[in-house]
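# Coordinate inspection notes
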Amino acid sequence: SSDVCSSDLQLNDAQLTKRDAAEKELNALGPSALEYLPQITARTPAEVKDRLGRIRRALENAAVELASRPAVVSLEGTMSLEAALKSLQAQSGNRVVDFRGRFDQQQTPIQVNMNVSKVTYWQALDTLLDQAKMTIYNYGGESAALTIISRSSEETSRSGKAAYAGQFRFEAVRLDASRDLRNPANNSLQLALDIAWEPRLRPIVITIPLRDLKILGDEAAPLELDEDGGEPEVTPMANVSATELIVPLKLPSRSLKTLRSIRGRMDVLAQAIVETFEFADLERLKESEQKRAGVSVVFEQMRKNQDVFEIRIRVVY
């Protein structure tokens, strides 16, 4: 924060070279400097206002890019499971909580021998969980964290079962076929996809456009999508880093034995930055506006309504 303050003072320096240098220095600090940037007020000089606006936009764009970029990690050597999880957290910002003790499972020390270098977070985590004979428990309720438990002896390994794209992990986990003996038009097949994401990401809505989805079966025969079932869409639960999305299909012939490939596009609306808007001297403040990252928060007024104070705020996107 001291670097931000010193650079901020030079944004209004008499010399142009120092003003340019201060702006460049603030941009170089990266997205972490956003919370320390001073607020623009009516007293802010015009040039400082312009420069702060440019700096904030640049840092906001950098924060969005950083939030949407998959973490790349390395784990090499023999270590404890606890040490491996701490290393992954330090490299990626993703926290993992061992839930074995909460299910009365014996939380004995586990040693792993890892040999992964510069791979995505999910590839490394799947390899680690397979070695530790553990799996992810999606309903631990931990904020911005994954929870893991021991897996049953019947459960298959995680590595080689999933596809990775960006911060996401995809795995086909279930096929539910329904055959209506009265009306064959009601026959259906539902494909359940387990979609997980790095816990530092906060998805709001996940959608898979059917027009871009291609599912191939035996001998590369395409499966017909049931577009009457609507566009697959899900709103993830709070404090959960995975969801199940159902893809509606028309029931194929009984000769189909396997699914060869699933390809498509996923649209994700996610929260990249958490912003704090602060207003002071509320009793005298009226129609004060703050704007960040395309969002304007307008404090209209505060007034006493019998025994409570009523605060009116308007949010504009």
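Look above for the structure.
Residues numbered from 1 in each chain as written. Predicted model: local features only at pLDDT ≥ 70, side-chain atom pairs only at ≥ 80, totals over all residues. Heavy atoms only, no water.

## Thoughts on the overall build of the chain
What the chain contains, in helices and strands, is 5 helices and 17 strands. Counting only C-alpha atoms, the chain reaches 80 × 55 × 50 Å along its principal axes. Out of the 317 residues in the chain, the part that is buried amounts to 37%. Expressed as a percentage of contacts within the chain between residues at least 6 apart in sequence, the contacts between residues at least 24 apart total 61%. In the chain, 41 positive and 45 negative side-chain charges are present, and the distance between their average locations comes to 1 Å. (Helix = DSSP H or I, 4+ residues; strand = E, 2+ residues; numbered from the N terminus. Buried < 20%, exposed > 50% of the residue type's maximum accessible area, 1.4 Å probe, protein only. Contact = heavy atoms within 4.5 Å. Lys, Arg positive; Asp, Glu negative; His and termini not counted. Charge placed at Lys NZ, Arg CZ, Asp CG, Glu CD.)

## A short note on the pattern of salt bridges
With the rule as written, the count across this model stands at 25 salt bridges. Between Glu23 and Arg54 there is a salt bridge; the shortest N-O distance is 3.0 Å. With Glu23 in helix 2 (residues 16-28) and Arg54 in helix 3 (residues 46-68), this pair connects stretches of sequence that are 31 residues apart. Notably, a salt bridge pairs Asp212 with Arg265, separated by 2.2 Å at the nearest N-O pair. (Salt bridge = Lys/Arg side-chain N within 4 Å of Asp/Glu carboxyl O.)

## A word on the sheet that holds strand 17 (residues 308-316)
Read across the sheet, 3 strands follow the order 15-16-17 without closing on themselves; strand pairing throughout is antiparallel. In this open sheet, the two strands that pair with only one neighbour each are strand 15 (288-292) and strand 17. Between one strand axis and the next, the sheet turns by 25 degrees as a mean value, whatever way the strands run. Direction of pairing for strand 15 relative to strand 16 (residues 295-305): antiparallel, over a ladder of 5 bridges. Bridged to Gln290 within strand 16 is Val297. (Pairing = 2+ DSSP bridges. Axes fitted to C-alpha atoms, helices over the stretch in contact; angles between N-to-C directions.)

## Focus: the packing of aromatic side chains
Aromatic ring pairs are reported here in terms of the distance separating the ring centres and the angle at which the planes meet. Scanning the entire structure with this criterion turns up 6 aromatic pairs. Where Tyr137 meets Tyr139, the ring centres are 6.3 Å apart and the plane angle is 80 degrees; that geometry is what we call edge-to-face. Classification of Tyr137 as partly exposed rests on a relative accessible area of 26%. Geometrically, the ring pair formed by Phe168 and Phe170 is stacked, given 6.2 Å between the ring centres and 25 degrees between the ring planes. Among the aromatic residues, ring-to-ring pairing joins Phe99, Tyr137 and Tyr139 into one connected group. When the ring centre of Phe277 is taken as origin, the NZ or CZ atom of Arg292, which lies over that ring, is 4.4 Å away. (Phe/Tyr/Trp six-rings, centres within 6.5 Å; stacked < 30°, edge-to-face > 60°. Lys NZ or Arg CZ within 6 Å of the ring centre and 35° of its normal.)

## A closer look at the pairing of strand 16
Linking strand 15 to strand 16, which pair antiparallel, is a turn of 2 residues; within it Ala293 sits at a positive phi near 50 degrees. Here strand 16 runs beside strand 17; their pairing, made up of 9 bridges, is antiparallel. For Arg303, the partnering residue across the bridge sits in strand 17 and is Glu310. In this antiparallel pair of consecutive strands, strand 16 and strand 17, the connection spans 2 residues, and Gln306 shows a positive phi of 60 degrees.

## Describing the nonpolar core
Among the nonpolar cores identified, the biggest contains 27 residues, and Leu88, Val112, Tyr121, Leu125 and Leu128 are the most heavily contacted of them. At the level of elements, strand 1 (72-80), helix 4 (81-92), strand 3 (111-120), helix 5 (121-132), strand 4 (134-137) and strand 5 (145-150) are the ones that each hand at least two residues to this core. If you tally residues by element for this core, the top one is helix 5, at 7 residues. Beyond its immediate stretch of four places on either side in the chain, Tyr121 contacts Ala71, Val73, Leu88, Ser92, Asn94, Val96, Leu146 and Glu198. Grouped together as the second largest cluster of nonpolar side chains are 19 residues, Leu189, Ile195, Ile206 and Leu245 included. (Core = buried A, V, L, I, M, F, W, Y, C linked by side-chain atoms within 4.5 Å.)

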